[in-house]
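Descriptive analysis of the structure
Below are the chains, spelled out letter by letter.
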Amino acid sequence: MEVSLIGAPIDAGQRRAGCIMGPMAYRVAGLGAAIAELGHGVEDRGDLGPDAVQGAHCANPVVHDLDLVLGWTQALRRAVGAELALGRMPVILGGDHSLALGTVAGAAEHAASVGRPLFLLWLDAHSDFHTPLTTTSGNLHGTPVAWIAGREGFDAFGPFPAALPPERICLYGIRSVDPAEHAALLTHDIAINDMRVLDEHGIVAPLRAFLDRVRAAGGMLHVSLDVDFLDPSIAPAVGTTVPGGTTFREAHLVCELLHESRLVTSLDLVELNPFLDDRGMTAKLMVDLVGSLMGRKVFDRPTA
Ligand SMILES: NC(=[NH2+])NCCC[C@H](N)C(=O)O
Ligand SMILES: [Mn+2]
């Protein structure tokens, strides 16, 4: 695999300072070397900046930094599309989760241009299914899945390029959903693998079922990994911790299955806030998880 690292130091999608340091923390924690060690080609494209956008309007007064998030969305959309067009795998080093507005748009645009369906695996404590009109925090990092699924209320962003039908979206690890998101999710047919589902069925079965669908459809697969997918005890460096997250082993198993599937075509690493970390433990864990996702294992022995 030929991998392109793209730094996206964006923190405008939420209010807590620190995510802006994310890309550098991944580099310090050795992300590039960890990928190269597994035999992949790696190019670090450095940090991207937002396009200049001014005067965007949203009817919901709590929404903040709309111009900046729009500027990042445009820049990331182009960057991810360009890497995929080169046949490379973009890995986006965030930055808060609003960056997925751009990365998934770029992936969707590319997938449409080559006539393949795009699938989305959202590894997160949150469903991020608000629209700019329903968010009560005003933080746009809580909105990407709604835009990707084609919900209304994103006037400033324009229509999502080739919106994903619900059967191509898989939410995984969910344990925090706001009332407006809850109501909207009930009217969409998106697979919601909340922690209750994962406790009952285990971490493997629902993921395998989704990956089987991706494979059967000849799809491309974008994975968006939020640090808060992990339990706060092993990953404290995130502004929106929620107890009861995935364990160290569960998270690695997810990544190992993703590697074995050979289906992942683009990846976001989001919400790392190094300012909140404990001796780099979260950054290092994220790097190790990417290692598993890129093929690191103790024995070459896929589970059956
Ligand atoms: N990507 C995230 N960490 N999202 C957290 C969203 C939290 C909450 N639902 C909100 O809208 O503010
Ligand atoms: Mn998120």
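Reading guide: rules and limits
- Residues numbered from 1 in each chain as written.
- Chains lettered and ligands numbered in written order.
- Predicted model: local features only at pLDDT ≥ 70, side-chain atom pairs only at ≥ 80, totals over all residues.
- Heavy atoms only, no water.
- Pairing = 2+ DSSP bridges.
- Helix = DSSP H or I, 4+ residues; strand = E, 2+ residues; numbered from the N terminus.
- Axes fitted to C-alpha atoms, helices over the stretch in contact; angles between N-to-C directions.
- Contact = heavy atoms within 4.5 Å.
- UniProt positions renumbered as here; feature names shortened; annotations may be inferred.
- Polar contact = N/O pair within 3.5 Å; in protein donor to acceptor, adjacent residues only side chain to side chain.
- Donors = N, O, S within 2.8 Å, 3.2 Å for Na, K, Ca; no water.
- Buried < 20%, exposed > 50% of the residue type's maximum accessible area, 1.4 Å probe, protein only.
- Near = heavy atom within 4 Å.
- Areas by Shrake-Rupley, 256 points an atom, 1.4 Å probe, with all protein chains shown as cover.
- Salt bridge = Lys/Arg side-chain N within 4 Å of Asp/Glu carboxyl O.
- pLDDT = per-residue confidence, 0-100.

**Describing the sheet that holds strand S8 (residues 264-270)**
The strand order S2-S1-S3-S8-S7-S4-S5-S6 describes an open sheet built from eight strands, whose pairing is parallel. If you trace the sheet from one side to the other, it starts and ends with strand S2 (41-47) and strand S6 (191-194), each paired once. If you compare each strand with its neighbour and ignore which way they point, the axes differ by 15° on average. Across four bridges, strand S5 (residues 169-174) lies against S6 in parallel orientation.

**Describing the environment of Val270**
Mapping Val270 onto the fold places it in strand S8. Sequence separation between Val270 and Val227 is 43 residues; the distance between their C-alpha atoms is 6.3 Å. Discounting residues that sit within four places of it in the chain, Val270 has contacts with Tyr26, Gly95, Asp96, His97, Leu99, Leu225, Asp226 and Val227.

**Some remarks on the UniProt feature "binding site: Mn(2+) 2" (unreviewed entry) in the protein**
The UniProt feature table records "binding site: Mn(2+) 2" (unreviewed entry) at Asp124 and His126. Considering the arrangement of structural elements, one finds Asp124 in the loop between strand S4 (118-123) and helix H5 (144-148). When residues no more than four places from it in sequence are discounted, the contact partners of Asp124 are His97, Tyr172, Gly173, Ile174, Asp226, Asp228 and Phe229. Here His97 takes part through its side chain, which lies 3.1 Å from a polar atom of the side chain of Asp124. Mapped onto the fold, His126 is located in the loop between S4 and H5. What His126 contacts, discounting residues up to four positions off in sequence, is Ile174, Ser176, Asp228, Thr240 and Val242.

**Topic: the coordination of the manganese ion (ligand 2)**
Donor atoms from the polypeptide that bind the manganese ion (ligand 2) are His97 (ND1), Asp124 (OD), Asp128 (OD) and Asp226 (OD), placed at 2.0 to 2.3 Å. Donor residues for the manganese ion (ligand 2) sit on one chain with the sequence pattern H-x26-D-x3-D-x97-D. Of this pair, His97 sits in the loop between strand S3 (89-94) and helix H4 (99-113) while Asp226 sits in strand S7 (residues 220-226), and the two are 129 residues apart along the sequence. Summarising the burial analysis for this pair, His97 and Asp226 share the class buried.

**Concerning the site of ligand 1**
Taken together, His97, His126, Asp128, His130, Ser137, His141, Asp178, Glu181, Asp226, Asp228, Thr240 and Glu271 make up the full set of residues near ligand 1. Here Ser137 contributes a side-chain N or O atom positioned 2.6 Å from an oxygen atom of ligand 1. Separating a nitrogen atom of ligand 1 from a side-chain N or O atom of Asp228 is a distance of 3.4 Å. When the free accessible area of ligand 1 is taken as 340 Å², the share hidden by the protein chains comes to 92%.

**Some details on the pattern of salt bridges**
Tallying each qualifying case throughout the model produces 13 salt bridges. Where Asp212 meets Arg215, a salt bridge forms, and the shortest distance between an N and an O atom there is 3.6 Å. Taken as a pair, Asp212 and Arg215 lie in helix H8 (residues 205-216) at a separation of three residues, close to a single helical turn. According to the relative accessible area criterion, Asp212 is partly exposed, its value standing at 46%. You can call Arg215 partly exposed: its relative accessible area is 43%. Connected via shared salt-bridge partners are Glu2, Glu43, Arg45, Glu83 and Arg88.

**Observations concerning unusual backbone geometry**
With an omega of 5°, the peptide bond running from Gly94 to Gly95 counts as cis. Within the secondary structure, Gly95 is located in the loop between S3 and H4. The phi torsion at Asp128 lies on the positive side, around 45°, for a residue other than glycine. With respect to the element layout, Asp128 can be found in the loop between S4 and H5.

**Comments concerning the UniProt feature "binding site: Mn(2+) 1" (unreviewed entry) in the protein**
Look at the UniProt record and you will see "binding site: Mn(2+) 1" (unreviewed entry) annotated at His97, Asp128, Asp226 and Asp228. Across 132 residues of sequence, these annotated residues stay compact in space, with a maximum C-alpha separation of 12.2 Å. We classify Asp128 as buried; its relative accessible area is 6%. Setting aside residues no more than four positions away along its own chain, Asp128 makes contact with His97, Trp122, His141, Gly142, Thr143, Pro144, Val145, Ala146 and Glu181. There is a polar contact of 3.4 Å between the side chain of Asp128 and the side chain of Trp122.

**A few points about the side chain of His126**
Exposure remark for His126: the relative accessible area of 15% places this residue in the buried category. Within the structure, His126 has its side chain in polar contact with the side chain of Asp228 (distance 3.1 Å).

**A look at the confidence of the model for the protein**
In the predicted model, the protein carries a mean pLDDT of 97, and the fraction of residues at 70 or more is 98%. Here the prediction assigns the complex a pTM of 0.97, and the interface score ipTM is 0.97.

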